[in-house]
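Single-letter residue listing:
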Amino acid sequence: MSIPNVATFHYALRDKDGNEIDNSSEKGPISIMLGKGHIVQGLDELLPTMKKGEKKSVVIPPEKGYGVVDESLRLKVPRNQFPPDADVKLRMQFQTSDEPGAPLFTVMHIDEDGFVYVDGNHPLAGHDLHFDIEIVDMRPADPDEIAHGHAHGPGGHQH
Ligand code: ZN
C-alpha cells in the first residue's frame, strides 16, 4: 500500500464572474490527505500533480466539483409539514436525515399560500469552480494520520 501525501495549500475560489466565494488567506492554508475524497474530485486529482511552492489556476466543472443540479432535491413543501415550533424562514438550513452525506436543505422561498420551497443541492452545484491554488507543503502522511485517515497539523484536525 502506498503512503498518501498530505498537501498544505492556500486557495481562492471564484465564480465564473470573478466574484470571490471563499479563500484561505485569513484562516491560513489547509492540510488535506490526498486521494481520500476529502476535497472536491477536481482538486483531489490536481493536487497530487503539483509540487511545493507551485501555483496553478484551474476551472473545475460541476461533475468534478459540487455536482450537477438535481431537480428532485428542489421541493415544494406545505408549511404544516414542518414541526409546529420550527421557525421557518428564508435561508434556514435543515437536514431530514442524520445519515452521512444526507442533503442539507435550504429554504429558498416561502409563498403566501403556505408553501415552502426548499433546495437540497449544494449551493455550488451546477457551478464551475475557479480555483487559484498555491502549494505550501507536500509531504507523506505520518503513521498517526494514516491510522486516522485524515491530515493533522495546520488546517487539518487538531487533536
Ligand atoms: Zn486524527
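Scoring rules and cut-offs
Residues numbered from 1 in each chain as written. Predicted model: local features only at pLDDT ≥ 70, side-chain atom pairs only at ≥ 80, totals over all residues. Heavy atoms only, no water. Helix = DSSP H or I, 4+ residues; strand = E, 2+ residues; numbered from the N terminus. Rg over C-alpha atoms; globule rule 2.2 N^0.38 Å. Buried < 20%, exposed > 50% of the residue type's maximum accessible area, 1.4 Å probe, protein only. Areas by Shrake-Rupley, 256 points an atom, 1.4 Å probe, with all protein chains shown as cover. Lys, Arg positive; Asp, Glu negative; His and termini not counted. Charge placed at Lys NZ, Arg CZ, Asp CG, Glu CD. Core = buried A, V, L, I, M, F, W, Y, C linked by side-chain atoms within 4.5 Å. Contact = heavy atoms within 4.5 Å. Polar contact = N/O pair within 3.5 Å; in protein donor to acceptor, adjacent residues only side chain to side chain. Donors = N, O, S within 2.8 Å, 3.2 Å for Na, K, Ca; no water. Tetrahedral: all angles 85-135°; square planar, octahedral: opposite > 155°, others 65-115°. Pairing = 2+ DSSP bridges.

Counting its secondary structure elements, the protein contains 2 helices and 9 strands. In terms of C-alpha radius of gyration, the protein reaches 19 Å, well past the compact-globule figure of 15 Å for 159 residues. Among the 159 residues that make up the protein, the fraction classed as buried is 34%. Roughly 10,000 Å² of accessible area belongs to the protein as shown, and the carbon and sulfur atoms make up 51% of that amount. Across the protein, 15 positive and 26 negative side-chain charges occur, with their mean positions spaced 5 Å apart.

Across soluble globular proteins, you tend to see nonpolar side chains buried next to one another. Formed by 20 residues in total, the largest nonpolar core has its most connected members in Phe9, Leu43, Leu47, Phe131 and Ile133. Counting residues per element, the ones that place at least two in this core are strand E1 (5-14), helix H1 (41-46), strand E4 (55-60) and strand E9 (129-140). Top contributing element to this core by residue count: E9, with 5 residues. Once you skip the residues sitting within four places of it in the chain, Ile133 turns out to touch Phe9, His10, Tyr11, Leu43, Leu46, Leu47, Met50, Glu54, Lys55 and Lys56. Counting residues in each nonpolar core, the second largest holds 9 residues, with Leu73, Phe82, Phe94 and Val118 among its members.

Bringing the environment of Ser57 into the picture now. Looking at the secondary structure, you find Ser57 in strand E4. You can call Ser57 exposed: its relative accessible area is 59%. Along the primary structure Ser57 and Phe82 are separated by 25 residues, whereas in three dimensions their C-alpha atoms are 43 Å apart. Excluding its chain neighbours within four sequence positions, the residues that come into contact with Ser57 are Phe131 and Asp132. Among the polar contacts listed, one links the side chain of Ser57 to the side chain of Asp132, at a separation of 2.7 Å.

For the rest of this paragraph, the subject is the coordination of the zinc ion. At this site the zinc ion is bound by His148 (ND1), His150 (NE2), His152 (NE2) and His159 (NE2), with donor distances of 2.0 to 2.1 Å. One can describe the site at the zinc ion as tetrahedral: its 4 donor atoms subtend angles covering 95 to 124 degrees at the metal.

Once that is clear, we can look at the pairing of E1. E1 sits mainly inside the fold: 7 of its 10 residues count as buried. Sheet topology places E1 next to E9; 10 bridges connect them, and they run antiparallel. Bridging across to E9, Arg14 finds its partner in His130. Relative to strand E3 (residues 30-33), E1 runs antiparallel, the two sharing 4 bridges. For Val6, the partnering residue across the bridge sits in E3 and is Met33. The antiparallel pairing of E1 with strand E2 (residues 20-23) creates a hairpin that spans 5 residues between the two strands, and Gly18 there sits at a positive phi of about 90 degrees.

A separate point is the pairing of E2. Summarising the sheet, E1 and E2 pair through 3 bridges and their orientation is antiparallel. Its bridge partner being in E2, Leu13 is matched across the sheet by Asp22.

With that out of the way, let us pick up the side chain of Glu145. Relative to the helices and strands, Glu145 resides in helix H2 (residues 143-148). Taking relative accessible area as the criterion, Glu145 reaches 0% and is therefore assigned buried. In this structure Glu145 touches Val6, Met33, Arg139, His150, Ala151 and His152, once residues within four positions along its chain are discounted.

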